[in-house]
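This is what each chain is made of:
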Amino acid sequence: MKIIFANKFIIFLICFLFFFTHEVIADEKSILLGEKIWKERIKCGYCHGPFGNGAGNPRSPGNAANLRETQLDRDLLIEVITCGIPGTEMPYFHKSAYKKPEICWDMLAEDMGEDMPKKGKKTLSEKSIAALTDYIIAKIVGKGKITTAECEEYFSVGSKRCEGFRQREQQNQ
C-alpha cells in the first residue's frame, strides 16, 4: 500500500513540476519579448520613461501614466495597449483596433470622432500586446522607487545614466 501511494505521489510530483516549469519558461519568454517591444519596437520609455514612472523624455516628461503605481490589472493593461485611451495622448497599438468593432468596445474609427486615439507608429499582434503586458507587470508595476540595480539591469552595469540613483542610495545609507 505504501509503495502504491509513493508511486502515485511521485507521478503527481513529476506532472506538477513539468507543468509548473513549463509555465515559468513560457512566462520568461513572454517577458523577454515584452522587454524587447518596450525598449526597441514601441519604445514605450519615450513617453512613460524607461522605468515606467511617467517621466518620459522628451515626449511627455512627467505627463504619461506612472505604470509603477498603476492599479490596472492585466486585462485592463491589455485593453489600454490595444485600444489606447480616447481623448488622451495614449495611442492604440493593435493592428485592427477600430477597424473591427469587437476589439475596442464595439467601436469603429468613425464612431470615435474627436476622441479617437492616435495610432501608434508601429502596431502589435495580440501575442505581442500580451508579452508587453507581461513585461510591464513583471518589471514595472508596484516596484516603488527606481534603484541602481534596476537601472543597471535596464541599461548596463556601471552606466552613467544610473549615477543619480547611485548617489541617492549612498546619501540614504
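As the structure is a prediction and not an experimental result, all values here were calculated from the model.

The next point concerns the state of the cysteines. For the coordinates displayed, the defined rule picks out 2 disulfides. The side chain of cysteine 83 participates in a disulfide bridge whose partner is cysteine 104; the two sulfur atoms lie 2.1 Å from each other. An S-S torsion of about -95 degrees defines the bridge between cysteine 83 and cysteine 104 as left-handed. Of this pair, cysteine 83 sits in helix α3 (residues 74–83) while cysteine 104 sits in the loop between β1 (92–94) and α4 (109–112), and the two are 21 residues apart along the sequence. Here cysteine 83 falls in the buried class, since its relative accessible area comes to 1%.

A separate point is unusual backbone geometry. In this structure, lysine 43 is a non-glycine residue whose phi angle is positive, near 60 degrees. Checked against the element boundaries, lysine 43 lands in the loop between α1 (2–41) and α2 (45–48). Notably, tryptophan 105 is not glycine yet its phi reads approximately 55 degrees, a positive angle.

Another aspect to go through is the packing of α3 against helix α5 (residues 126–139). Where α3 meets α5, the axes come as close as 9 Å, and the angle between the chain directions of the two elements is 125 degrees. Classified by the angle their axes make, α3 and α5 are oblique. In the crossing of α3 with α5, the sense of the turn from one axis to the other is right-handed. Taking contact as the criterion, the partners of Arg74, Leu77, Ile78, Ile81 and Thr82 in α3 are, on α5, Ile129, Ala130, Leu132, Thr133, Asp134, Ile136 and Ile137. Classifying every residue of the contact of α3 with α5 gives 8 nonpolar, 2 polar and 2 charged.

Here we come to the side chain of threonine 148. In this structure, threonine 148 sits in helix α6 (residues 148–154). Judged by its relative accessible area of 7%, threonine 148 falls in the buried class. Here phenylalanine 165 takes part through its backbone oxygen, which lies 3.3 Å from a polar atom of the side chain of threonine 148.

With respect to the helices, strands and loops of the structure, glutamate 150 is situated in helix α6. Within the structure, glutamate 150 has its side chain in polar contact with the side chain of arginine 68 (distance 2.8 Å). Here glutamate 150 is in contact with Phe51, Arg68, Lys139 and Lys145, once residues within four sequence places are set aside.

Moving on, we come to α3. Residues lying three or four places apart along an α-helix face the same way, a consequence of the helix completing one turn every 3.6 residues. Every buried residue belonging to α3 is among Leu77, Val80, Ile81, Thr82 and Cys83, and all of these are buried. On its buried face, α3 is in contact with β1, β2 (119–124) and α5. Here α3 starts with a cap whose side-chain oxygen sits 3.2 Å from the backbone nitrogen of aspartate 75, and that cap is aspartate 73. Directly beyond the C-terminal end of α3, a positive phi value near 70 degrees is found at glycine 84.

Conventions adopted
Residues numbered from 1 in each chain as written. Predicted model: local features only at pLDDT ≥ 70, side-chain atom pairs only at ≥ 80, totals over all residues. Heavy atoms only, no water. Disulfide = S-S within 2.5 Å. Helix = DSSP H or I, 4+ residues; strand = E, 2+ residues; numbered from the N terminus. Buried < 20%, exposed > 50% of the residue type's maximum accessible area, 1.4 Å probe, protein only. Axes fitted to C-alpha atoms, helices over the stretch in contact; angles between N-to-C directions. Parallel < 35°, antiparallel > 145°, perpendicular 65-115°, else oblique. Left-handed = near helix turned anticlockwise from the far one by under 90°. Contact = heavy atoms within 4.5 Å. Nonpolar A, V, L, I, M, F, W, Y, C, P; charged D, E, K, R; others polar. Polar contact = N/O pair within 3.5 Å; in protein donor to acceptor, adjacent residues only side chain to side chain.

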